[in-house]
Protein chains: 2
Amino acid sequence: MRKNLLIVVSAPSGCGKGTILSEILKDDNYHFSVSATTRQPRDGEVNGVNYHFLSREEFERRVENDEFVEHAEYCGNYYGTLKSETDQQLEKGKDVILEIEVNGASQMMKLRPDAVFIFIAPPSIAELERRLHKRGTEKEDVIKERVAQAERELSYAPKYDYIVVNDALEDAVDDFKAIIRAEKCRTDKNK
Amino acid sequence: MRKNLLIVVSAPSGCGKGTILSEILKDDNYHFSVSATTRQPRDGEVNGVNYHFLSREEFERRVENDEFVEHAEYCGNYYGTLKSETDQQLEKGKDVILEIEVNGASQMMKLRPDAVFIFIAPPSIAELERRLHKRGTEKEDVIKERVAQAERELSYAPKYDYIVVNDALEDAVDDFKAIIRAEKCRTDKNK
């Protein structure tokens with residue numbers, strides 16, 4: 001009881017994952033595990049905050065060096081979870097929140113079945129499409145691809161322990177907090 | 001998701017179960033399942049509110065009539081859960097809270113594995129003993145028996161899905177509410 005949790009979160013783009021997590025992370029009992037990636041930083045993304053941005057060579061060197069819990073290729077880029085961001089933080093007594101896409105999460109389900117897996121879902125695909133348009137940062141064909149991607153990702157949701165539907169932000173944040181609180185009361189009989 | 005829950009709660013005497021449940025039941029989405037028993041009403045207990053007080057003959061007749069989900073004998077009296085208090089309420093769209101002792105709960109784990117099982121525990125046996133003395137309603141030998149009973153019951157706690165430690169009442173109520181909220185986000189993969 002009251003053990004440290006490794007919380008794995010996935011969400012299609014446009015589900016408000018970032019907003020939910022920034023609310024959760026206001027409590028500094030959490031360590032947000034920063035993933036490593038070989039993709040290019042987007043505007044405003046900061047190395048070591050949003051991602052550890054690595055070259056392909058550097059990424060592969062660290063894979064060789066067994067520095068990753070998991071890694072996967074996604075849309076032509078590597079993404080991975082460094083042990084320094086997860087296991088080492090759990091040992092320090094922190095709850096660790098790890099945001100990864102569905103393939104990485106599927107690996108984690110095998111590697112770390114003790115983790116808590118949460119999928120953040122949009123109320124519907126139509127609503128997701130509306131939000132992506134409203135954000136106005138991407139072109140029409142990119143939005144179409146993101147919606148198709150979201151539909152693929154949603155098919156993974158039943159493999160997670162929990163699904164948080166982000167209909168109203170405040171409710172989704174409260175659901176997320178309730179899950180963490182409840183998991184700390186959980187016995188180990190189901191894991 | 002957002003399905004109706006059957007919530008089974010057990011707690012040793014003196015754990016503050018009644019106080020926690022009365023806080024939870026302020027929300028009228030819940031139906032509190034009133035158990036049937038053949039034991040004598042205590043001062044202030046009302047038939048149909050605290051228990052359905054039945055004669056031994058009437059209880060046995062209803063068992064014959066298949067009106068119970070489960071029943072068990074405990075300290076020389078019958079206790080049981082009527083279908084009219086659980087399944088029929090779930091069908092009406094209510095979340096049902098069922099308070100039963102550990103033997104009845106063990107039966108329910110087999111009969112209704114889809115239910116959510118919560119054990120309310122005292123912070124320690126010493127603290128439980130202190131609280132029973134403070135309550136001042138029972139004699140020394142009764143308290144001794146209750147403490148011994150609590151120790152036996154605590155050994156069942158790991159079979160439950162959750163353990164809520166009632167150290168500070170407000171925290172225990174919040175834990176309980178978080179568990180219910182989280183369970184409504186839960187996928188079925190673990191049940």
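The model shown is predicted, which means the values in this text are computed figures rather than measured ones. (Residues numbered from 1 in each chain as written. Chains lettered and ligands numbered in written order. Predicted model: local features only at pLDDT ≥ 70, side-chain atom pairs only at ≥ 80, totals over all residues. Heavy atoms only, no water.)

## A few points about the relation of the copies chain B and chain A
Between the two chain copies there is a screw-like relation: a rotation about an axis and a shift along it.
Now for step 1: Relative to chain A, chain B is turned by 180° and slid 0.0 Å along the rotation axis, the superposed coordinates differing by an RMSD of 0.0 Å. Expressed as a symmetry operation, the mapping of one chain copy onto the other fits a two-fold axis. Across chain B, the smallest distance between a C-alpha and the rotation axis is recorded for B:Ala178, namely 2.2 Å.
Now for step 2: Counting the interface residues of chain B, we find that 100% of their copies in chain A are interface residues as well, pointing to one common contact surface. (Least-squares fit on C-alpha atoms with pLDDT ≥ 70 in both. Contact = heavy atoms within 4.5 Å.)

## Observations regarding the nonpolar core
Now for step 1: In this structure, A:Ile7, A:Phe176, B:Ile7 and B:Phe176 are the most contacted members of the largest nonpolar core, which totals 54 residues.
Now for step 2: Those residues in contact with A:Ile7 that sit more than four places away from it in its chain are A:Tyr30, A:Val96, A:Ile97, A:Leu98, A:Val116, A:Ile118, A:Phe176 and A:Ile180. (Core = buried A, V, L, I, M, F, W, Y, C linked by side-chain atoms within 4.5 Å. Buried < 20%, exposed > 50% of the residue type's maximum accessible area, 1.4 Å probe, protein only.)

## Observations regarding the packing of aromatic side chains
Now for step 1: Evaluated as defined, the whole model comprises twelve aromatic pairs over all chains.
Now for step 2: On the numbers, 6.0 Å between centres and 65° between planes, the contact of B:Tyr51 with B:Tyr79 is edge-to-face. Placement of B:Tyr51 in the loop between strand S3 (36-37) and strand S4 (52-53) and of B:Tyr79 in strand S6 (residues 77-82) is noted, with a sequence separation of 28 residues between them. Each member of the pair, B:Tyr51 as well as B:Tyr79, is classed as buried.
Now for step 3: Judged by centre distance (5.2 Å) and plane angle (75°), the rings of B:Phe119 and B:Tyr160 are edge-to-face. Here B:Tyr160 lies in the loop between helix H6 (140-154) and strand S9 (162-165) and B:Phe119 lies in strand S8 (residues 116-121), a separation of 41 residues in the sequence.
Now for step 4: A relative accessible area of 0% means that B:Phe119 is categorised as buried.
Now for step 5: Among the aromatic residues, ring-to-ring pairing joins A:Tyr51, A:Phe53 and A:Tyr79 into one connected group.
Now for step 6: The aromatic ring of A:Tyr78 is capped on one face by A:Arg56, whose charged end is 4.3 Å from the ring centroid. (Phe/Tyr/Trp six-rings, centres within 6.5 Å; stacked < 30°, edge-to-face > 60°. Helix = DSSP H or I, 4+ residues; strand = E, 2+ residues; numbered from the N terminus. Lys NZ or Arg CZ within 6 Å of the ring centre and 35° of its normal.)

## Topic: the interface of chain B and chain A
Now for step 1: On the chain A side, the residues contacting the 23 residues of chain B number 23 residues.
Now for step 2: Between chain B and chain A the total buried area reaches about 2100 Å² when both faces are included, carbon and sulfur atoms providing 50% of it.
Now for step 3: Seen at the junction of chain B and chain A, the total is six salt bridges.
Now for step 4: One salt bridge in this structure joins B:Arg181 and A:Asp175, with 2.6 Å as the shortest N-O distance.
Now for step 5: Our count for the contact surface shared by chain B and chain A stands at twelve residue pairs in polar contact (both at pLDDT 80 or more).
Now for step 6: Class assignment of the residues belonging to the side of chain B that touches chain A gives a composition of eleven nonpolar, two polar and ten charged. (Buried area = accessible area lost by both parts, 1.4 Å probe. Salt bridge = Lys/Arg side-chain N within 4 Å of Asp/Glu carboxyl O. Polar contact = N/O pair within 3.5 Å; in protein donor to acceptor, adjacent residues only side chain to side chain. Nonpolar A, V, L, I, M, F, W, Y, C, P; charged D, E, K, R; others polar.)

## Structural notes on the packing of helix H1 (residues 17-24) of chain A against helix H7 (residues 169-183) of chain A
All names here are of chain A.
Now for step 1: Where H1 contacts H7, the two axes come as close as 10 Å, and the packing angle between them is 55°. Accordingly, the angle class assigned to the pair H1 and H7 is oblique. For H1 against H7, the interelement crossing comes out right-handed. Along the contact surface, H1 presents Thr-19, Ile-20, Leu-21, Glu-23 and Ile-24, while H7 presents Leu-169, Ala-172, Val-173, Phe-176, Lys-177 and Ile-180. (Axes fitted to C-alpha atoms, helices over the stretch in contact; angles between N-to-C directions. Parallel < 35°, antiparallel > 145°, perpendicular 65-115°, else oblique. Left-handed = near helix turned anticlockwise from the far one by under 90°.)

## Points about the sheet that holds strand S4 (residues 52-53) of chain A
Now for step 1: Across the sheet, four strands lie side by side as S4-S3-S6-S5 (chain A); this open sheet has mixed pairing. Each end of this open sheet is capped by a strand with a single partner; those strands are S4 and strand S5 (68-74) of chain A. (Pairing = 2+ DSSP bridges.)

## Some words on the confidence of the model for chain A
Now for step 1: Across chain A, the average pLDDT comes to 90, with 97% of residues at or above 70.
Now for step 2: For this predicted complex, the interface confidence comes out at an ipTM of 0.86, alongside a pTM of 0.87. (pLDDT = per-residue confidence, 0-100.)

## A closer look at the state of the cysteines
Now for step 1: Evaluation of the coordinates by the stated rule reveals zero disulfides over all chains.
Now for step 2: Residue A:Cys75 stays outside any disulfide, its sulfur separated by 15 Å from that of A:Cys15, the closest cysteine.
Now for step 3: What makes A:Cys75 exposed here is its relative accessible area of 63%.
Now for step 4: The structure places no disulfide on A:Cys185, whose sulfur is separated from the nearest cysteine sulfur, that of B:Cys15, by 14 Å.
Now for step 5: Overall, the relative accessible area of 1% leaves A:Cys185 in the buried class. (Disulfide = S-S within 2.5 Å.)

## Describing helix H4 (residues 102-111) of chain B
Structurally, the α-helix is built with 3.6 residues per turn, so residues lying three or four positions apart point the same way.
Now for step 1: Taken together, the buried positions of H4(B) are B:Val102, B:Gly104, B:Ala105, B:Ser106, B:Met108 and B:Met109.
Now for step 2: Its side-chain oxygen 2.9 Å from the backbone nitrogen of B:Asn103, B:Glu101 forms the N-cap of H4(B).

## Some thoughts on the sheet that holds strand S1 (residues 6-10) of chain B
All names here are of chain B.
Now for step 1: With parallel pairing, five strands are arranged side by side in an open sheet as S2-S7-S1-S8-S9. Edge positions in the open sheet fall to strand S2 (30-33) and S9, since each of these has one partner strand only. On average, each strand axis in the sheet is inclined to that of its neighbour by 25°, with strand direction left out of account.
Now for step 2: Judged from the four bridges that link them, S8 and S9 form a sheet pairing that is parallel.

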